[in-house]
Amino acid sequence: MKVRLLSRYLSSLNDESLSIAVLFLSNRIFPFGSKFVVNAGFGTIMQALSEISFLDKDQIQQSYMQYGDMGALSEYAVSKKHTASLIEQQPLTLPIIHDRFKGIADSIGSDSSKAKKSILKGLFLDCSPLEAKYLTKVINGEMRIGLTEGLVEVAVSMAFNVELKKIREAMLVSGDISQVAFLARSRLLHTAIIKPLQPLSYMLADVMFTAEEIINYFQKPLICEYKYDGIRAQMHKSGQQVKLFSRNMTNITNVFPELVQAAIDSKLSSSMENIDFILDGEIMGLRNGKPLHFQELQKRLRRKNVTGQILTDVPIVYIVFDITYINQEQTIRNPLRQRKEILSSILFREPIINAKQEVVNTAQKIIAMFEKSRDDGYEGLVLKDPESRYHPGKRGRYWIKLKQELDTIDAVIVIAEYGHGKRAGVLSDYTFAVRDENDNNQLKIIGKAYSGLTDKEISTITEKLKSIMIKDDGYKIAVKSELILEISFDSIQKSDRHDSGFALRFPRIKNIRSDKNITDIDTLQKVRHIYENQSYLSDK
Ligand code: AMP
């Protein structure tokens, strides 16, 4: 019913509004890869609401407690607005709202929160109370009208009478629902091909726990590579333009200037011709041939300006392990062994390097490589089926990771509490959740952790958490599901304490994963898989 209503609505829109509507409905404001980010936090919205209404800050805070929802609060505050917009009130349309969001995203620098607040106030003044409710929900990425991007895809398919499968395939290579909706309407979905400078979804690895399990499953020679502990990155080159995207499709080109020049200088080794490409690989800190700890790399990721000093303090390499596009041709349908041949025909300039690989066909060989990887300071191995295609966005049994420790879990913080003693005044205890694939990706809590971070990291996290607060209970706050932690643990137990039915034992925060976002967090199914397989590890 909901989807039918939505499909009718989508088919009534013009192209521009259609592109914006599908983004808003998918809990996004701008497509992946966009340079725009609307960073308007709880405080800015509250202040804008207080300034346009008869309500002072305390009343706003109180009403918030009463409604427990920023959208409902906005509806209430706008119903009490007292200031009329000075310029003549124009009816709000999707393109106008989107333009003003761009204005908010463009406000950077020291005065940015003032500028953001002023645009927000203007928007609220032009809104009816009900519009204000949904405007705030769009800003907060919390539409909560029971629509995930998946359902929006169904609605697009109904609206324009195209097969859902075709929409989903186009989404995996384009990654941009606004473009795909437009192509669906124009009957041009087949043109949604991989294009350099526009990120596509990443192929993902599955996990197995022993070399024997891997050999028994595949029963054929496999390509074996080290598992590099850095950040996944796509490198796009088209002419003289180079872009790097992280796992959550953020443009991280500015953080790694040395890779831009190296990409431009990379050529085909046979002819020394320039080439266009999209590569897949891992950026890793490396000093004197030794991999650096992930946290060192993070020092770089946190920088807005990457200066000469940090370039020498945290030297990096980009280790390429796949290629999805070369000179006008997409290569995702070629088997991995062919993609590897293409990679070996390119002369990369350092610090871009091809991943080392070996072909293995016995458990003994895998174990020997595994031990070598550990001796060389790496995490373990990734084993790959040489006949497999590149499957964007899929976690299939084509790439298998083998790690020694129990796997870590990427989970999102949903509640944060103030600490005690030395940690009074900072948010140092985090309750985190994974997503349940069998229950519409609902978040399910799997534990609470308070160790593993430095004081400096805790204070940075505290600031961030406050800016994404959605409910304030005094000693603890509920936050938007945005901040991802990588958690290590001793084992997994069944537990009634959390709604997931599981709890991590002795959880420790291994890393703050600012390179990942909510769609990258692990699933309850993975938690269950580890729970069911942990006997393997205790036998070792
Ligand atoms: P995980 O993040 O634990 O699910 O492991 C999968 C990740 O390992 C990928 O997303 C990559 O970032 C990383 N990785 C490191 N080395 C490789 C490799 N040789 N091939 C594929 N992925 C790799």
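S.K.: Tell me what's going on with unusual backbone geometry, and back it up with residues and numbers.
M.R.: Among all residues except glycine, the phi angle is most often negative; among peptide bonds, the trans geometry is most common. Between Glu350 and the following residue, Pro351, the backbone shows a cis peptide bond with an omega angle of 5 degrees. Looking at the element boundaries, Pro351 is found in the loop between strand E10 (346-347) and strand E11 (352-354). Backbone geometry at Asn441 places phi at a positive 60 degrees, although glycine is not the residue there. Here Asn441 is to be found in the loop between strand E16 (427-436) and strand E17 (442-449). Judged by relative accessible area, Asn441 falls into the partly exposed class, the value being 39%. Positive phi outside glycine occurs at Phe506, with the angle close to 50 degrees. Here Phe506 lies in the loop between strand E22 (502-505) and strand E23 (508-512). The class for Phe506 is partly exposed, based on a relative accessible area of 47%.

S.K.: Give me helix H8 (residues 129-140): which residues, what numbers.
M.R.: Its 12 residues give H8 an end-to-end C-alpha distance of 17 Å, which sits within 8% of 16 Å, the value for a rise of 1.5 Å per residue. Of all the positions in H8, only Ala132, Lys133, Leu135, Thr136, Lys137, Val138, Ile139 and Asn140 are classed as buried. Residues of H8 that are buried in the fold lie against helix H2 (15-25), helix H3 (42-52), helix H5 (70-79), helix H6 (94-106) and helix H7 (112-126). Once H8 finishes, Gly141 follows within two positions and takes phi at roughly 60 degrees, a positive value.

S.K.: Talk me through the environment of Glu225; I want residue IDs and the actual numbers.
M.R.: By the element assignment, Glu225 lies in strand E2 (residues 222-226). A relative accessible area of 1% means that Glu225 is categorised as buried. Considering only alpha carbons, one finds Glu225 and Met208, 17 residues apart in sequence, at a separation of 15 Å. Other than its neighbours up to four places away in sequence, Glu225 contacts Phe321, Lys340, Ala355, Lys356, Gln357, Gly380, Leu381, Val382 and Lys384. Separated by 2.9 Å, the side chains of Glu225 and Lys384 make a polar contact.

S.K.: Tell me about the side chain of Ser178, residues and numbers included.
M.R.: Within the fold, Ser178 resides in helix H11 (residues 177-185). Of note is the side chain of Ser178, whose polar atom sits 2.6 Å from the side chain of Asp176.

S.K.: I'd like a description of the domain arrangement of the protein, backed by residues and values.
M.R.: One frequently used descriptor of interface size is the decrease in accessible area upon assembly of the parts. What the domain assignment lists for the protein is domain 1 (28-140), domain 2 (204-402) and domain 3 (409-539). Centre-to-centre separation of domain 1 and domain 2, based on C-alpha positions: 42 Å.

S.K.: Please give an account of empty space enclosed by the protein that cites residues and values.
M.R.: For the coordinates displayed, the defined rule picks out three cavities of 30 Å³ or more. Of the pockets and cavities examined, the largest cavity occupies roughly 550 Å³. Contributing to the lining of the largest cavity are 30 residues, with Lys227, Arg247, Glu282, Lys401 and Lys516 lying nearest its centre. Taken together, the elements giving at least two residues each to the lining of the largest cavity come down to strand E1 (204-207), E2, strand E3 (231-238), strand E13 (380-384) and strand E14 (395-403). A per-element tally of the lining of the largest cavity places E14 first, with four residues. Broken down by class, the residue content of the lining of the largest cavity amounts to eight nonpolar, two polar and 20 charged. Taken domain by domain, the lining of the largest cavity gets at least three of its residues from each of domain 2 (204-402) and domain 3 (409-539). Estimated volume of the second largest cavity: approximately 40 Å³. Of all elements in the fold, only H3 and strand E18 (469-472) reach the threshold of two or more residues within the lining of the second largest cavity. Per-class residue counts for the lining of the second largest cavity are six nonpolar, three polar and one charged. Of the residues that make up the lining of the second largest cavity, three or more belong to each of domain 1 (28-140) and domain 3 (409-539).

S.K.: Help me get a handle on the nonpolar core, residues and values and all.
M.R.: Membership of the largest hydrophobic core comes to 94 residues, with the highest contact counts inside it found for Leu10, Val38, Phe101, Phe124, Val156, Tyr430 and Leu465. Here this core takes seven residues from H2, the largest share from any one element. When residues of this core are assigned to domains, at least three fall in each of domain 1 (28-140) and domain 3 (409-539). Look past the residues within four positions of Tyr430 in its chain and what remains in contact with it is Ile413, Ile415, Ala416, Gly447, Lys448, Ala449, Leu453, Ile458, Ile461, Leu465, Leu485 and Ile509. Formed by 39 residues, the second largest nonpolar core is a distinct cluster that contains Val173, Ile194, Phe218 and Val382.

S.K.: Got a sec to walk through the sheet that holds E14? Specific residues and values, please.
M.R.: Within a sheet, each strand pairs with its neighbour through backbone hydrogen bonds, oriented either parallel or antiparallel. If you walk across this open sheet you meet the five strands as E1-E14-E13-E2-E12, and the pairing is mixed. Looking along the sheet, the strands with just one partner apiece sit at the ends: E1 and strand E12 (358-360). Across the sheet, the mean angle from the axis of one strand to that of its neighbour is 40 degrees, orientation sign disregarded. Against the sheet, helix H12 (residues 211-218) makes contact with E2, E13 and E14, and its axis sits at roughly 155 degrees relative to E14, the strand it touches most. Of the strands in this sheet, E2, E12, E13 and E14 touch helix H17 (residues 363-375), which is tilted by about 140 degrees from E13.

S.K.: I'd love a proper account of H5, names of residues and values included.
M.R.: Across the 10 residues of H5, seven count as buried, placing the element largely inside the fold. Taken together, the buried positions of H5 are occupied by Met70, Gly71, Ala72, Leu73, Ser74, Ala77 and Val78. Where H5 is buried, its residues touch H3, helix H4 (57-67), H7 and H8.

S.K.: Which residues make up the layout of surface pockets, and what values do they have?
M.R.: Within this model, the second largest pocket holds a volume of roughly 540 Å³. Looking at the second largest pocket, it is lined by 20 residues, and the ones nearest its centre are Tyr9, Phe24, Leu94, Tyr134 and Met143. Among the secondary structure elements, those contributing two or more residues to the lining of the second largest pocket are helix H1 (2-11), H2, H6 and H8. Considering each element in turn, the lining of the second largest pocket owes the most residues, five residues, to H8. Of the residues assigned to the lining of the second largest pocket, the class counts are 17 nonpolar, one polar and two charged.

S.K.: With reference to specific residues and values, describe the pairing of strand E8 (residues 316-326).
M.R.: Counting buried positions along E8 gives 11 out of 11 residues, so the element sits mostly inside the fold. As paired strands, strand E6 (residues 277-287) and E8 are joined by nine bridges and run antiparallel to one another. By the bridge assignment for E8, Gly281 is matched with Val320. Of the strand pairs in this sheet, E8 and E11 are connected by three bridges, and their pairing is parallel. Residue pairing in the sheet places Ile319 in a bridge with Ile353 of E11. As paired strands, E8 and strand E9 (residues 329-330) are joined by two bridges and run antiparallel to one another. The partner of Tyr325 across the bridge, within E9, is Gln330. Where E8 hands over to E9, the hairpin turn is made up of two residues, of which Asn327 adopts a positive phi near 35 degrees.

Definitions and limits used
- Residues numbered from 1 in each chain as written.
- Predicted model: local features only at pLDDT ≥ 70, side-chain atom pairs only at ≥ 80, totals over all residues.
- Heavy atoms only, no water.
- Helix = DSSP H or I, 4+ residues; strand = E, 2+ residues; numbered from the N terminus.
- Buried < 20%, exposed > 50% of the residue type's maximum accessible area, 1.4 Å probe, protein only.
- Expected span 1.5 Å × (residues − 1).
- Contact = heavy atoms within 4.5 Å.
- Polar contact = N/O pair within 3.5 Å; in protein donor to acceptor, adjacent residues only side chain to side chain.
- Domains from an automatic or database assignment.
- 1 Å grid on protein atoms, 1.4 Å probe; cavity = no way out; pocket = protein on both sides within 12 Å on 5 of 7 lines; lining within 4 Å.
- Points joined across faces, edges and corners; volume = space filled by probe spheres on them.
- Nonpolar A, V, L, I, M, F, W, Y, C, P; charged D, E, K, R; others polar.
- Core = buried A, V, L, I, M, F, W, Y, C linked by side-chain atoms within 4.5 Å.
- Pairing = 2+ DSSP bridges.
- Axes fitted to C-alpha atoms, helices over the stretch in contact; angles between N-to-C directions.

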